[in-house]
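Listed here are the chains, written in short residue letters.
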Amino acid sequence: MNNQWTAYTAGAVLLFGAAFWASILPLDYKGVVLLMGVPSLFAGYYFARFPMPYIWGALLGVACYMGLEYQIYGPIYKVSGPVYGAAYILAIACCLTGVWVANWRISRSSQRVA
């Protein structure tokens, strides 16, 4: 079940859900960026074999949420666009950090066996 399409779907659902909760909770911009970025650390570790589909799915999730937000609230991208952009960049960084940790752990465990 841990394949490319699962990673793509998980990225879209995770970032869409994080953006949705960030809009509901009374957070400032730092809280929104952290709420949207930090879950990608764990997802990057889990989907370490497929980081790029996860990253593309995350972009789809953010884009879908911004489209939904546009339909509900109108053009407020002067406020929310840079915040969601920074959150997406942090999500990519956290995902790649999770991939690095997973690969480091695998290489470390293979050194113990040899």
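The text that follows walks through the structure, step by step, so that each part is easy to find. (Residues numbered from 1 in each chain as written. Predicted model: local features only at pLDDT ≥ 70, side-chain atom pairs only at ≥ 80, totals over all residues. Heavy atoms only, no water.)

The helix and strand tally for the protein chain stands at five helices and zero strands. Listing every helix and strand of the protein chain by position from the N terminus yields α-α-α-α-α. Counting over 114 residues, the protein chain shows a buried share of 36%. By sequence separation, contacts in the protein chain at least 24 residues apart represent 79% of the contacts at least 6 residues apart. A total accessible area of about 7,200 Å² is found for the protein chain, and carbon and sulfur atoms account for 72% of it. (Helix = DSSP H or I, 4+ residues; strand = E, 2+ residues; numbered from the N terminus. Buried < 20%, exposed > 50% of the residue type's maximum accessible area, 1.4 Å probe, protein only. Contact = heavy atoms within 4.5 Å. Areas by Shrake-Rupley, 256 points an atom, 1.4 Å probe, with all protein chains shown as cover.)

Counting through the fold element by element, Pro82 comes out in helix α5 (residues 77–113). Spatially, the C-alpha atoms of Pro82 and Tyr29 are 9.7 Å apart, while their sequence positions differ by 53 residues.

This part takes up the nonpolar core. Leu15, Val32, Met36, Tyr54, Val62 and Tyr84 are the most contacted members of the largest nonpolar core, which has 23 residues in total. Broken down by secondary-structure element, the contributors of at least two residues to this core are α1 (4–24), α2 (29–37), α4 (51–73) and α5. Every residue in contact with Leu15, bar those within four places of it in the chain, is listed here: Met36, Ser40, Tyr54, Ala58, Val62 and Ala91. (Core = buried A, V, L, I, M, F, W, Y, C linked by side-chain atoms within 4.5 Å.)

Bringing the packing of α2 against helix α3 (residues 39–46) into the picture now. At a closest axis distance of 5 Å, the pairing of α2 and α3 adopts a crossing angle of 15°. Taken together, the axis directions place α2 and α3 in an arrangement best described as roughly parallel. For the pair formed by α2 and α3, the contact residues are Leu34, Leu35, Met36 and Gly37 on the first element and Pro39, Ser40 and Leu41 on the second. In terms of residue class, the contact of α2 with α3 is made up of five nonpolar, two polar and no charged. (Axes fitted to C-alpha atoms, helices over the stretch in contact; angles between N-to-C directions. Parallel < 35°, antiparallel > 145°, perpendicular 65-115°, else oblique. Nonpolar A, V, L, I, M, F, W, Y, C, P; charged D, E, K, R; others polar.)

The next subject is the environment of Gly57. Checked against the element boundaries, Gly57 lands in helix α4. Exposure remark for Gly57: the relative accessible area of 0% places this residue in the buried category. Spatially, the C-alpha atom of Gly57 lies 22 Å from that of Gly31, the residues being 26 residues apart in sequence. Excluding its chain neighbours within four sequence positions, the residues that come into contact with Gly57 are Tyr8, Gly11 and Ala12.

The next thing to look at is the packing of aromatic side chains. Tallied over the entire structure, the rule returns seven aromatic pairs. Here Phe16 and Tyr65 contribute two aromatic rings whose centre-to-centre distance is 5.6 Å and whose plane-to-plane angle is 75°, an arrangement assigned as edge-to-face. Taken together, the residues span a long stretch of sequence, with Phe16 in helix α1 and Tyr65 in helix α4 at a distance of 49 residues. Taking relative accessible area as the criterion, Tyr65 reaches 3% and is therefore assigned buried. A ring pair is formed by Tyr46 and Phe47, whose centres lie 4.9 Å apart and whose planes are at 85°; its orientation type is edge-to-face. What makes Tyr46 exposed here is its relative accessible area of 53%. One aromatic cluster is present, built from ring pairs that chain together Phe16, Tyr65 and Tyr84. (Phe/Tyr/Trp six-rings, centres within 6.5 Å; stacked < 30°, edge-to-face > 60°.)

All right, on to the side chain of Ser40 then. The residue Ser40 is located in helix α3 in this model. When sequence neighbours within four positions are dropped, the list of residues in contact with Ser40 reads Leu14, Leu15, Tyr54, Ala91, Cys94 and Cys95.

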